[in-house]
Amino acid sequence: MAFDYSAYLRDGKIPHIWCPGCGYGIILKSFIRAIDKLGWNKNEIVVTSGIGCASRLPGYVDFNTLHTTHGRSLGFATGVKLANPNLKVIGLGGDGDMTAIGGNHFIHACRRNIDITCLVFNNYIYGMTGGQYSPTTPKNAKATTVPYGNADNQFDISSLAIGAGATFVARTTTYHAVPMEKLIMQALQHKGFSVVEIMAGCPTGYGRKNKQGSPANMIQWQKDMSVPVAKAKDMTPEEMGDKFAVGVLHQEEKTEYVEAYDAQVGLS
Ligand SMILES: Cc1ncc(C[n+]2csc(CCOP(=O)(O)OP(=O)(O)O)c2C)c(N)n1
Ligand code: SF4
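Here's a quick rundown of the structure. Nothing here was measured: the structure is a model prediction, and the numbers come from that model.

1. As for helix H5 (residues 103-112)
Then comes step 1: Taken together, the buried positions of H5 are occupied by Gly103, Phe106, Ala109 and Cys110. One side of H5 holds all its buried residues, which, seen down the axis, span an arc of 135 degrees. Those residues of H5 that are exposed and angled more than 90 degrees off the buried face are Asn104 and Arg111.
Then comes step 2: The elements touched by buried residues of H5 are helix H3 (73-83), helix H4 (95-101), strand E4 (117-122), helix H6 (157-164) and strand E8 (194-199).
Then comes step 3: Where H5 terminates, the next one or two residues include asparagine 113, which has phi positive at roughly 60 degrees.

2. Considerations on the environment of lysine 233
Then comes step 1: With respect to the element layout, lysine 233 can be found in the loop between helix H10 (229-232) and helix H11 (237-240).
Then comes step 2: Assessed through its relative accessible area of 66%, lysine 233 is described here as exposed.

3. Remarks on H3
A turn of α-helix holds 3.6 residues, and therefore any two residues three or four places apart point the same way.
Then comes step 1: Of all the residues in H3, the buried ones are Ser73, Leu74, Ala77, Thr78, Val80 and Lys81. Here the buried residues of H3 occupy an arc of 165 degrees about the axis, which is enough to place them on one side.

4. Comments concerning the site of ligand 1
Then comes step 1: Ligand 1 sits among 17 residues. The nearest are Tyr24, Cys53, Gly96, Asp97 and Gly127.
Then comes step 2: Contacts to ligand 1 include aspartate 95, whose backbone N or O atom sits 3.4 Å from an oxygen atom.
Then comes step 3: Between an oxygen atom of ligand 1 and a side-chain N or O atom of asparagine 123, the distance comes to 3.1 Å.
Then comes step 4: For ligand 1, the protein covers 73% of the area, taking 590 Å² as the surface of the free molecule.
Then comes step 5: For the shell around ligand 1, the secondary-structure elements that each account for two or more residues are H4 and strand E5 (125-126).
Then comes step 6: No other element matches H4, which puts four residues into the shell around ligand 1.
Then comes step 7: Counted by class, the shell around ligand 1 contains eight nonpolar, seven polar and two charged residues.

Calculation notes
- Residues numbered from 1 in each chain as written.
- Chains lettered and ligands numbered in written order.
- Predicted model: local features only at pLDDT ≥ 70, side-chain atom pairs only at ≥ 80, totals over all residues.
- Heavy atoms only, no water.
- Buried < 20%, exposed > 50% of the residue type's maximum accessible area, 1.4 Å probe, protein only.
- Helix = DSSP H or I, 4+ residues; strand = E, 2+ residues; numbered from the N terminus.
- Arc of directions from axis to C-beta.
- Contact = heavy atoms within 4.5 Å.
- Near = heavy atom within 4 Å.
- Polar contact = N/O pair within 3.5 Å; in protein donor to acceptor, adjacent residues only side chain to side chain.
- Areas by Shrake-Rupley, 256 points an atom, 1.4 Å probe, with all protein chains shown as cover.
- Nonpolar A, V, L, I, M, F, W, Y, C, P; charged D, E, K, R; others polar.

Quick look at the structure:
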């Protein structure tokens, strides 16, 4: 029987605002199925977001949600988690939210290893505001603010997260809807700061400008560019080229921030 999403969606909020062919609906569905499989109580879950197309997701789900200011998803998530560590806190946002205006919140949440799951929707662009380039826009790609091509080097979000201290880091794509669900489950169960970078197509703001074809072509591109992490480990940088590894990229156990904080102030 087909999965029934209705128990997790807020009455009156659908249809959503996302463009036809946007990858974000696939993420919404994988996220809901992950929560459902974990059997978590909706009232224990808090989802925070910044501003952007990605950050509209909390408006649709029937959890406790905070749609905050641009770049501040993890700032609010950190406050919620510290105030009530029993809550299961998810901070999400786009590549702009998490690596441009919210870049500091992102690296310091990684560094602290606070028990929050961060979902980064990486569509290489500022979708909501009309396709301005972001820190993940590939070099030479076009955007409204770099009409001749982007001169900047690209952030690798997962490497940034690992370097900054996140203790669970995974990458997936909207082509991998079922593996995505499993990676989100793993991230949610991890004790510490977990990051799932999700490559998603923005046909409106990025695909059209970069002649990537239809939304289906953009998903095919994700499939063609993905290399399972076990295979990627044996490939040289030349063999990898512009391809990216998908799967669990990093996992370690380390003292979690709320516990460390409580110990420091004599609460545990
Ligand atoms: C302080 C502030 N600066 C700028 C904006 C305008 N703004 C809203 S969303 C956005 C970019 C969104 O891009 P991203 O986070 O990558 O998410 P996407 O829309 O691609 O999902 C910008 C610049 C804002 N709302 N607040
Ligand atoms: S502008 Fe891009 S990211 Fe925003 S809803 Fe449309 S396709 Fe999705």
